[in-house]
Amino acid sequence: MREHELYVKYTRVWIPDPEEVWKAAEIIKDFKEGDTVLHLKLEDESTLEYSIGPKDNALPFLRNPDILVGENDLTALSYLHEPAVLHNLKVRFLESNHIYTYCGIVLVAINPYEQLQIYGEEVINAYSGQNMGDMDPHIFAVAEEAYKQMARDEKNQSIIVSGESGAGKTVSAKYAMRFFATVGGSANDTSVEEKVLASSPIMEAIGNAKTTRNDNSSRFGKYIQIGFDRIYHIIGANMRTYLLEKSRVVFQAEEERNYHIFYQLCASSSLPEFKDLTLTSAEDFTYTSLGENIFIEGVNDAEDLVKTREALTMLGVKEIHQVSIFKVIASILHLGNVGIVSERDGESCHINRDDTHLHHFCRLLGIEQEQMEHWLCRRKLVTTAETYVKNVSYAQAVNARDALAKHIYAHLFDWIVEHINKALHTSTKQHSFIGVLDIYGFETFEINSFEQFCINYANEKLQQQFNSHVFKLEQEEYMKEKIPWTLIDFYDNQPCIDLIEAKLGILDLLDEECKVPKGTDQNWAQKLYSQHSKSGHFEKPRMSNKSFIVVHFADKVEYQCDGFLEKNRDTVYEEQINILKASQFQLVADLFHDGKDAGPPSATSKTSKINVRAAKPVPKGHNREHRKTVGTQFRNSLHLLMETLNATTPHYVRCIKPNDFKESFVFDSRRAVQQLRACGVLETIRISAAGYPSRWTYPDFFSRYRVLMTKKDMTIGDKKQVCKNLLETLIKDPDKFQFGKTKIFFRAGQVAYLEKLRADKFRFACINIQKTVRGWLQRVRYRKIRKSAITLQRYGRGYLARRYAEMLRLTRAALICQKQYRMVRVRREYLRTRRAVITIQAFARGMFIRRLYQEFLLHHKAMIIQKTVRGWLVRKKYLRARYAAIVIQCFYRRVRAKRQLKQLKIEARSAEHFKNLSVGMENKIVQLQKKMDNKSKEYKTQNEQLVVTNTTLESEVTKLQKEVETLRSRQTPGTKVTSLQEELEKLRAELQEANAQRKQIEEEFSNEKQGLQQRVEELEKENTLLKKEKEEMNRRIQTSNQGVDVSQKEIRLQVELDEERQRYQNLVKEFSRLEQRYENLQEDMSSMKFHPGHRRNPSNQSSLGSDSNYPSINMSEVGDTDDTIQQVEEMGIEKAAMDLSVFMKLQKRVRELEQERKRLQTSLEEVEELSKQKGNEPKSSTSEDDINADLAYNSLKRQELETENKKLKNDLNELRKAVADKASDNNSSNELQEGYNLLLNQLKAANEELDVRKEEVLMLKTQIVNSTRQSENINHIDSNDGSELTNNKKPVDSEDAVDAPDLKKLLEAQLQTQSRQHKDELEALHTQIELLKDNLEKKQEMLDHFSTLSPEALVEFSVQQEITRLTNENLDLKELVEKLEKNEKKLKKQLRIYMKKVQELEVSHATKSRPELTRQVTVQRKEKDFEGMLEYYKEDEPLLVKSLITDMKPNAVSATVPCLPAYILFMCIRHADYINDDQKVHSLLTSNINAIKKVLKRNNDDFEMTSFWLANASRLLHCLKQYSGDEAFMTQNTAKQNEHCLKNFDLAEYRQVLSDLSIQIYQQLVRVAEGMMQPMIVSAMLESESIPSLAGVKPMGYRNRSSSLDCESGGPVGYTLQALIKQLGQFYTTMADHGLDPEIIQQVFRQLFYSINAVTLNNLLLRKDVCSWSTGMQLRYNISQLEEWLRGKNLHQSGAVATMEPVIQAAQLLQVKKKTSQDAEAICSLCTALSLQQIVKILNLYTPLNEFEERVTVSFIRDIQNRLQDRIENNQLLVDTKYTFPVLFPYTPSALSLETVHIPASLSLDFLTRV
């Protein structure tokens, strides 16, 4: 088809426009070859004649079909040209708010100047693992592509980010690094990724500044290499910097700022640590005030400095170095304020001696002020003959000062970069890296200098590399598809690069001119004119001899030569540098070390492993000095950068600045086109358009254009051949397309032509359909009209007949009416006459009667008056008498009421009444009364003491007076009399002081007594008020509770329960993760260093306590008791009264403490048995004194126990009475009284058992003494010989001789015991006194607290205090019970010891082996009766764990009872409980739990193994509950199962541990299942065609050419919905076969369906190609299939369908109409599960698949936003894929009896014996 044939009527084109660059128009008349004018109609309906000519204007560009507008990839456009690219970007940016667009391999990023919520962690997770073209364009997609290619190809990658200042380069690079830090987090805890991100605020502070185009413009280029190891985790990073804009340090244009760090320091100058810097506001310094605006809107410089310091600290920069850095920066500011004064001659200058800024500059840098002052105004000249010092002019001195400031800042910048690289450096070997290049884009200003020249030179090099890479990719694509290709002509900017860097190029000539002693910029310009005037890329301006023009790839740029030489030399006087080198501060001296001058330290990478070689030698200057110029350094670093980029796979991000006013979502077409031309996007389009830009796979082409095929073509089975036949038929020019191996390649515009043919085909088909339908409608209409006419005629004739019949009826009726009317008229006349006569008669008769009536009426009225008067007189007299009686009664009743009121007040003040009003107030009043009594007693005691003291003192005074008189009479007045007088005065003073203290104490007592009485009265008043308010509140509560809906309460409670459960399970999950991490660290340590001996299992230590024989739960039990008391205090009075679980917990504590005591007692018993066995050997070394001591000790111990038992019994009876009294006093609470009764019954039972044990002790006492004596006699006879008889001189049969010393020792021991008891009792009394004092103080504080509380709070507080008191009393009772049980056990064990001694003495032969005897007896009993227990030896426990857990395979027990290992383990636990072996129980449960954890860790990706152990762990948990003996778990048990309950141990703590373990296994199961489903979800739910031929195919661009796809294997594997359902079925079958509870299975599938919903919806929100009507239909169908599967598996009530509600509503949103306001209202009411952001995103992404569909208008989306703006919701765009529902393990008892469990022989558990 010829080109001019496309320009027909209604074709839309683009024409140039000076304002909008390109303007849309429509052809209104067909264009014919040879026409000079094209008739167009603009969008404003105006017409235009567009001139066409071979020289003037060519034919305008054609517009793409609407279906292609807004594409993700610009290469997907059929017509590839500048207006199409610009329009597509504009539509995506303004209408859809999409800032990212692909252009082949380039990502175009438009700065929105607004914070968008598209960079969260959930977005990173959504893009991670996805192919580049599968999701919407994003910087994360490019980063993922680089990461994936690095991992797959094992080749280093680079991301090149470029663009104008303010286009968003730095932000894009920052987000790319954030993606790498999140996806490739460090393998250890070094937090390398955090350090990489922490480098950004530092570099922004020292390298970014505000410009007129950008508030945070990077004024340097940087290349960051992020290093990865072999498993692609970040291990380090390295940074190179390029061409820092040093001139900004000393000069800023208007409305611009210096580097941020200066303003940050000035903003924080008031901080104490910065006082030494002597900084003030930035307006006071020259270097920071040149731009005349020191602030940036929305930026807090002080807060930014805090972030900068935190980043420096994170990167390891010490505080002292930070202070030094800030000193250097502050010194630069002071240097700029140094005042240089010009001399009169104008050739010299000086600095004032008292210049404070110079003083601060030298002080901060630690240099000599005099030397710096001298050399700032002078310079040294060195010649061959001599060296002399020369004064410099004012201008030269200012330039030297500014050069020094720039030099200092540049070296400080390099030092910081070097230390950042050191902090990011790692010793680990780097496997690969990804580089992120953030470099300046092409720049052109009104005045362009040396910096712009270097920037544009760098962009020329990058553009050359970009062009060659794009051309290379095109060539590879053609060769891979085996398509013949010709060389594509693309712009080669090598001549421009040669102009700059070749021999005698611009840089070479600049270096040569710098070497000339008196070289100037003008001389250098003349050399350029003479050398390059003939170059096509060099031009000389017409009106200037100090500038030159370079024709760059993007535009012509005119450079001003002024300052080139100075900036290239970067001259700083050597004398000034030497002064800085001699600084007192090490950091300043290091900055200017000689090694620094060789080049920037940051330009080399120590971590890179690339060995690159330049393609050609680096150009060198002639006779260059040791110190390189700036241009040479930049050229060398640029060559190194290009070598690095050429050795990597590049990825390009081009940032576009949409407008110059920084307004959000405003698009300036002219500025955008300039940048598109400059950044190479249009060059990419041109290269693509020059070849075959449109590529279609054969299946996609067949699906899209099969409408153009014939029936004959459709019968061919080979789709490839069908496509070839179709194209050869439709497109006659074979050069317009090519057939590849897997794709069809089209020239530009051919897809649009095919779309036109397809649309014409559809239009023709529509016309035929319309013709047929319209004919059918007309025929139907004719039949309806004919039928209607016949019906009308029939009804009309009937109507006329009915009218005639009606007339006849009316005539007959008229005659009848006349007859009746005449009759009525005559009758009415007669009746009227008769009625008149009767009326006259009536009136006459009435007149006579009324006269008679008037007379009677007058008599009657007179009688009434008389009656009324007489009655009034009588009533008046009666009322006077009644009033007098009432007055008397009132006075009498008032007297009685006063008496009654007085009596009620007395009763109200009584304690009984107060106790009835408020529970617990009685005790407080009694305590207050007791306190008053105690105070009165103390007062009396103190009075008595004072009286005694006074008496004593008076007697002493009298005595002393007598002595004084005696001494006076005997001796002369002297020192003794004086001393006695002084002592007398002291005694008198002490007496006065004692009297004063006495008065003070009396006053205090009286005041306190009055205060207490007042408080008691106030409490009584408040109590009465409290009662009334309490009753009123109860009525209000009852009234309000009647209106509360019970279902809402249940829902709220259920939600709170779920939230609490979820928080707990998250804690369990976090605990599991930390435990796993700890185990990994332990394994690493064990692999590095072997630790001999036993090593405790960390998980055992953390969850189950210690494995030693020492108590491991005492502290935890104390905490549990405290938690229980706190729980009682926090619960309301009704719940506390009804909840007996609190008291059960107290019982649990007692039992568990008893278990610990048993364990300790067992070990003690074993030690005693060993000692006794040693004592019973034939050669016994026990002396008779030891035996007597033992007997005395045993007797003493027995007596102590009896005494203690009696005392405890009395105390117990007293406490029982007190509790019973309390329970009877609080009889208003039935539930609380039941709890008291329960505790009393338990105490009674314990007391009765204690009495029985005491009787047993008394009965066996005699037997013990006899047996002991008998054993002593036997031992004495056996061991006695002649020498012993001689020494001891005691006959063998003399009992008195033996008993006498025993009795003596016994008495001594009793006396000692009694003395110790007295001491202990005394200490106990002292302690009790202290406790009583503390208690009194606490109650006094409580009383004070009562006075401040409101009535409601007072009642609540008193109730809580009463509950706390009762709980403490119950705890005390429990402790008493515990002591009694301990004593009982102690007596039993002592009895057993004595019995063993007797048996050992009586039995002369050796006893048999106890384990064998026990085993034989047990075997005989098991054969008779099997009780559902399994016995094993302790040493066989590892074998049991290994056989039943470690080596267990699920298929080994598949044919047996489900959860068989759990039943076997519980049967073993039952036997350990049966023999009362707590060590065995503890060891077995601990080893089992640890073994399960190890198995799950080893098989962390095995769904079958995880499901198997989840079923067994939950079953073991259910067994521990079912057979725990708790009544709550025994309701569904059989009688036999109740007999199998645990007898000795309460394993509630282990139940909690197993519950936590089950939660961890559940979370691992869900994680494994989600990992297996993850690759299937998107393909099955969104991409597979569940409904054949429904989904249409749109033209696609570069996404199918993404290098992330595995082309050799045919691309990624596509999963269908059936594959996903099959996988779900496998999950269900596996869990059901393992016997997992149905409730847990339902929760698993609820979580899995939530994951399906989250992944599907997130992909839908990030993919434009699936947001269409057909996808919505496919999605609805797929969801219905999943719902059908749930119903088939009886899982529809699990809540899984409810989790799919968001994606269901999204599918409905894709299908509903989206035009009118009614549609908007319907969408708002429909999409309740979707957020506003999600709804708007789907509407923006909605894409029509053909021209008959319409896009969603912007006004419709705005209408939706306005309607839903008040909706309260989460503004998060994507669904959290990591959210997990809280799991609940409902109690499910087993109907299986333990005695029926069969153990298969294949398990090799022969060492287990059935009991």
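Thresholds, definitions, all that
For every chain, the first residue of its written sequence is number 1, and the numbers climb from 1 along that sequence. Only residues with pLDDT of at least 70 are given local features in this predicted model, and only at 80 or more are side-chain atom pairs given and counted; all residues enter the totals for whole chains, interfaces and linings. Calculated side-chain values reflect all of the structure's heavy atoms, with hydrogen atoms and water omitted. In this description a helix means any DSSP run of H or I spanning at least four residues, a strand means any run of E spanning at least two, and both kinds are numbered starting from the N terminus. Three labels apply to residues, based on accessible area from a 1.4 Å probe with only protein chains included: buried if under 20% of the type maximum, exposed if over 50%, partly exposed otherwise in between. Using the Shrake-Rupley algorithm and a 1.4 Å probe, accessible areas are obtained, with residue cover drawn only from the displayed protein chains. Expected span of a helix, by definition, is 1.5 Å for each gap between consecutive residues, and there is one gap fewer than residues. What makes two residues a contact is simply this: any of their non-hydrogen atoms within 4.5 Å. Orientation is described by lines fitted to C-alpha atoms, with helices fitted over the stretch in contact, and by angles between N-to-C directions that extend from 0 to 180 degrees. Handedness of a helix crossing follows the sense of rotation of the near helix relative to the far helix, less than a right angle counterclockwise being left-handed and clockwise being right-handed. Pairing between two strands requires that DSSP report at least two bridges joining them. Classification of ring pairs uses Phe, Tyr and Trp, with its six-membered ring standing for Trp, and accepts pairs whose centres are within 6.5 Å; under 30 degrees between planes counts as stacked, over 60 as edge-to-face, and the remaining range as tilted. Charge over a ring is defined by NZ of Lys or CZ of Arg lying within 6 Å of the ring centre and within 35 degrees of the ring normal. Patch members must show over 30% relative accessible area and no salt bridge, and they are joined within 9 Å when carrying like charges or within 5 Å when they are nonpolar side chains of Val, Leu, Ile, Met, Phe, Trp or Tyr. Whenever a carboxyl oxygen of Asp or Glu lies within 4 Å of a side-chain nitrogen of Lys or Arg, that contact is scored as a salt bridge. Our angle categories are set so that under 35 degrees counts as roughly parallel, over 145 as roughly antiparallel, 65 to 115 as roughly perpendicular, and the remainder as oblique. Polarity classes work like this: nonpolar for Ala, Val, Leu, Ile, Met, Phe, Trp, Tyr, Cys and Pro, charged for Asp, Glu, Lys and Arg, and polar for all others, with Gly in that last group. Only four residue types enter the tally: Lys and Arg on the positive side, Asp and Glu on the negative side, with His and both chain ends excluded. Each nonpolar core is a collection of buried residues, namely Ala, Val, Leu, Ile, Met, Phe, Trp, Tyr and Cys, held together in the definition by side-chain atoms within 4.5 Å. What pLDDT reports is the predictor's confidence in each residue, on a scale of 0 through 100.

Caption draft 1: Structural detail: the overall build of the chain. Scanning the chain for helices and strands turns up 54 helices and 26 strands. Counting all 1811 residues of the chain, 45% fall into the buried class. Looking at the chain as shown, the accessible area adds up to about 97,900 Å², and 53% of this sits on carbon and sulfur atoms.

Caption draft 2: The arrangement of helix α26 (residues 750–909) in detail. For α26, which comprises 160 residues, the first-to-last C-alpha distance of 106 Å sits more than 12% below the rise-based estimate of 238 Å (1.5 Å per residue). The set of residues buried in α26 consists of Gln750, Val751, Ala752, Tyr753, Leu754, Glu755, Arg758, Ala759, Gly798 and Gly846. Looking at the packing, one finds that the buried side of α26 touches β22 (694–697), α23 (698–705), α25 (719–730) and β24 (743–746).

Caption draft 3: Fine view of helix α20 (residues 630–646). Its 17 residues give α20 an end-to-end C-alpha distance of 24 Å, which sits within 8% of 24 Å, the value for a rise of 1.5 Å per residue. Within α20, 13 of the 17 residues are buried, leaving the element largely enclosed by the surrounding structure.

Caption draft 4: Layout of the packing of helix α49 (residues 1669–1688) against helix α51 (residues 1701–1711). Closest axis-to-axis distance for the α49/α51 pair is 8 Å, and the angle between their directions is 145°. In this structure, α49 crosses over α51, and the sense of that crossing is left-handed. Residues Trp1669, Gly1672, Met1673, Leu1675, Arg1676, Ile1679 and Glu1683 of α49 pack against Val1703, Ile1704, Ala1707, Gln1708, Leu1710 and Gln1711 of α51.

Caption draft 5: Quick peek at the pairing of β22. Of the two faces of β22, the one holding Ser694 and Trp696 and the one holding Arg695 and Thr697 are both buried throughout. Across 4 bridges, β22 lies against β24 in antiparallel orientation. Bridge assignment links Arg695 to a residue of β24, and that residue is Phe745.

Caption draft 6: Molecular detail of the packing of aromatic side chains. What the rule picks out here adds up to 41 aromatic pairs. Ring centres of Tyr119 and Tyr175 lie 3.8 Å apart, and the angle between their planes is 5°; on these two criteria the pair is classed as stacked. Of this pair, Tyr119 sits in the loop between β7 (106–110) and α2 (121–127) while Tyr175 sits in helix α4 (residues 169–183), and the two are 56 residues apart along the sequence. The residues Tyr119 and Tyr175 share a single accessibility class, namely buried. Above the plane of the ring of Trp14 lies Arg63, whose end atom (NZ or CZ) is 4.7 Å from the centre.

Caption draft 7: How the structure looks around the pairing of strand β12 (residues 234–242). Within β12, 9 of the 9 residues are buried, leaving the element largely enclosed by the surrounding structure. Alignment of strand β11 (residues 221–228) against β12, held across 8 bridges, turns out to be antiparallel. From the neighbouring strand, Ile226 faces β12, where its bridge partner is Ala237. In textbook terms, the turn of a hairpin is the stretch between consecutive antiparallel strands, and for β11 and β12 this stretch comprises 5 residues, one of which, Tyr232, has a positive phi near 60°.

Caption draft 8: Just a nonpolar patch on the surface, in detail. Judged by side-chain polarity, Ile769, Val773, Trp776 and Leu777 come together as a nonpolar surface patch covering roughly 400 Å² of accessible area. Position of Trp776 relative to the elements: it lies in helix α26.

Caption draft 9: Up close: the packing of α23 against α25. Viewed as axis vectors pointing N to C, α23 and α25 meet at an angle of 55°, and their least axial separation amounts to 9 Å. Comparing their axes, α25 and α23 come out oblique. The crossing of α23 and α25 is left-handed. The residues of α25 that touch α23, namely those facing Tyr698, Phe701, Phe702 and Tyr705, are Lys719, Lys720, Val722, Cys723, Lys724, Leu726 and Leu727. Grouping the amino acids of the contact of α23 with α25 by side-chain chemistry returns 8 nonpolar, no polar and 3 charged.

Caption draft 10: Highlighting the side chain of Asp1719. Here Asp1719 is to be found in helix α52 (residues 1717–1726). One buried charged side chain, Asp1719, makes no salt bridge at all; its nearest oppositely charged neighbour is Lys1713, positioned 4.7 Å away. The residues touching Asp1719, leaving out its near neighbours within four places in the chain, are Lys1713, Lys1714 and Phe1756.

Caption draft 11: The nonpolar core, seen in detail. In terms of nonpolar packing, the biggest core is built from 326 residues, with Phe180, Phe548 and Met1581 touching the most fellow members. It is helix α46 (residues 1548–1583) that contributes the most residues to this core, 18 residues altogether. Those residues in contact with Phe180, other than ones at most four positions away along the chain, are Ala143, Ala146, Tyr147, Ile159, Gly185, Ile226, Phe228, Ile234, Ile434 and Val436. In terms of nonpolar packing, the next biggest core, distinct from the first, is built from 33 residues, Ile15, Phe31, Ile52 and Val751 among them.

Caption draft 12: Local environment of the sheet that holds strand β2 (residues 21–27). If you trace the 5 strands from one edge of the open sheet to the other, you get β4-β3-β2-β1-β5, paired in antiparallel fashion. Both outer strands of the open sheet, β4 (47–51) and β5 (61–62), are each paired with one neighbouring strand and no more. Across the face of the sheet, helix α1 (residues 82–94) comes into contact with β1 (12–17), β2 and β5 while running at roughly 100° to β2.

Caption draft 13: Structural detail: the confidence of the model for the chain. Summarising the model, the chain shows a mean pLDDT of 78, and 76% of its residues fall at 70 or more. Model confidence for the chain, summarised as mean pLDDT per element, is weakest for helix α40 (residues 1410–1424) at 33 and strongest for helix α6 (residues 260–267) at 94. In the predicted structure, residues 1274–1300 sits below a pLDDT of 50 and forms 14 contacts with residues beyond four places in sequence or in another chain. Taken as a whole, residues 1597–1612 scores under 50 in pLDDT and shows 40 contacts with residues more than four places along the chain or in a different chain.

Caption draft 14: Local environment of unusual backbone geometry. Although it is not a glycine, Thr278 adopts a positive phi angle of roughly 50°. Relative to the helices and strands, Thr278 resides in the loop between α6 and α7 (286–289). The partly exposed category is assigned to Thr278, whose relative accessible area is 29%. The phi torsion at Asn1476 lies on the positive side, around 60°, for a residue other than glycine. If you trace the backbone, Asn1476 turns up in the loop between α42 (1460–1474) and α43 (1478–1498). For Asn1476, a relative accessible area of 35% gives the class partly exposed.

Caption draft 15: Fine view of the pattern of salt bridges. Here the structure, examined in full by the defined rule, presents 42 salt bridges. One salt bridge in this structure joins Lys567 and Glu451, with 3.2 Å as the shortest N-O distance. One end of the pair, Lys567, is in helix α17 (residues 564–569); the other, Glu451, is in helix α13 (residues 450–480), with 116 residues separating them in the sequence. On the basis of relative accessibility, which here comes to 28%, the residue Lys567 falls in the partly exposed class. In this structure, Glu501 and Lys461 form a salt bridge, with 3.5 Å as the shortest nitrogen-oxygen distance. One end of the pair, Glu501, is in helix α14 (residues 494–501); the other, Lys461, is in helix α13, and 40 residues separate them in sequence.

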